[in-house]
Amino acid sequence: MRATAVRLAWLSGLAMPYVIGDPCIGTTDQSCIDVCPVDCIVPVGRMLVIHPDDCIDCGACVPVCPVEAIVPDTELPPAWAPFVAINAAVVDGIEAVNECLDLHLAHSDTA
Ligand code: SF4
Ligand code: SF4
């Protein structure tokens, strides 16, 4: 399954400079897209994610997010750890992101 493959790729050291986390889910504001100089922020339906291969690590998106959903991977709250894989899944397409997000939300609902 692709979601599992992406998660394993991250665990083996996939680079992921900035990550969009849980507060973005269901937020319709898309201010981050407007300021990203390389257009690497991708809407996937319920949230937006950052393409890890294209992000240049500039941090411009961080201050414009009204819900503080964007953080460097080095400052990721532990509860947001699954969002590294959720963001990284965009290398396999939007469907792969949503597979990862569904897995995460299902696990969260039963935790
Ligand atoms: S850190 Fe910069 S390049 Fe990366 S997503 Fe944010 S605005 Fe775009
Ligand atoms: S600005 Fe923040 S809440 Fe809005 S789409 Fe971007 S990451 Fe999500």
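The rules we used
- Residues numbered from 1 in each chain as written.
- Chains lettered and ligands numbered in written order.
- Predicted model: local features only at pLDDT ≥ 70, side-chain atom pairs only at ≥ 80, totals over all residues.
- Helix = DSSP H or I, 4+ residues; strand = E, 2+ residues; numbered from the N terminus.
- Buried ≥ 20, exposed ≤ 12 C-beta atoms within 10 Å, placed from the backbone.
- Contact = placed C-beta atoms within 7 Å.
- pLDDT = per-residue confidence, 0-100.
- Near = placed C-beta within 6 Å.
- Nonpolar A, V, L, I, M, F, W, Y, C, P; charged D, E, K, R; others polar.
- Core = buried A, V, L, I, M, F, W, Y, C linked by C-beta atoms within 7 Å.

A short note on the overall build of the protein
The secondary structure content of the protein amounts to four helices and four strands. N-terminal to C-terminal, the α/β element order of the protein is α-β-α-β-β-β-α-α. The 111 residues of the protein split such that 32% are buried. Restricting the contact set of the protein to residue pairs at least 6 apart, pairs at least 24 apart contribute 71%.

A closer look at the confidence of the model for the protein
For any part of a model where pLDDT is low, the fine detail of the predicted coordinates should not be relied upon. The predicted model of the protein has a mean per-residue pLDDT of 88, with 84% of residues at 70 or higher. Per-element confidence in the protein is highest for strand β3 (residues 48–50), whose mean pLDDT is 98, and lowest for helix α1 (residues 2–11), whose mean pLDDT is 49. Taken as a whole, residues 8–12 scores under 50 in pLDDT and shows six contacts with residues more than four places along the chain or in a different chain.

Focus on the site of ligand 1
Around ligand 1 sit 14 residues in total, of which Cys36, Cys55, Cys58, Ala60 and Cys61 are the nearest. Looking at the shell around ligand 1 residue by residue, the class counts come to 12 nonpolar, one polar and one charged.

Side note on the environment of Gly21
Looking at the secondary structure, you find Gly21 in the loop between β1 (18–20) and α2 (31–35). Gly21 sits in the buried class, given 23 other C-beta atoms within 10 Å. Setting aside its immediate chain neighbours within four residues, Gly21 contacts Ala69, Val71, Trp80 and Phe83.

Description of the environment of Glu75
Following the sequence through the fold, Glu75 ends up in the loop between β4 (70–72) and α3 (82–88). Residue class for Glu75 comes out exposed when judged on the 9 C-beta atoms lying within 10 Å of it. As a C-alpha pair, Glu75 and Val19 span 56 residues in sequence and 9.6 Å in three-dimensional space.

Digging into the nonpolar core
Across soluble globular proteins, nonpolar side chains show a tendency to be buried alongside one another. Counting residues in hydrophobic clusters, the biggest one holds 28 residues, and the most contacted among them are Ile20, Leu48, Val49, Ile86, Ala89 and Val97. Looking at this core, the elements with two or more residues in it are β1, β3, α3 and α4 (94–110). Per element, the largest residue contribution to this core is five residues, and it comes from α3. Residues contacting Ile20, with those up to four places away along its chain left out, are Met47, Leu48, Val49, Ile50, Ala69, Ile70, Phe83 and Asn87.

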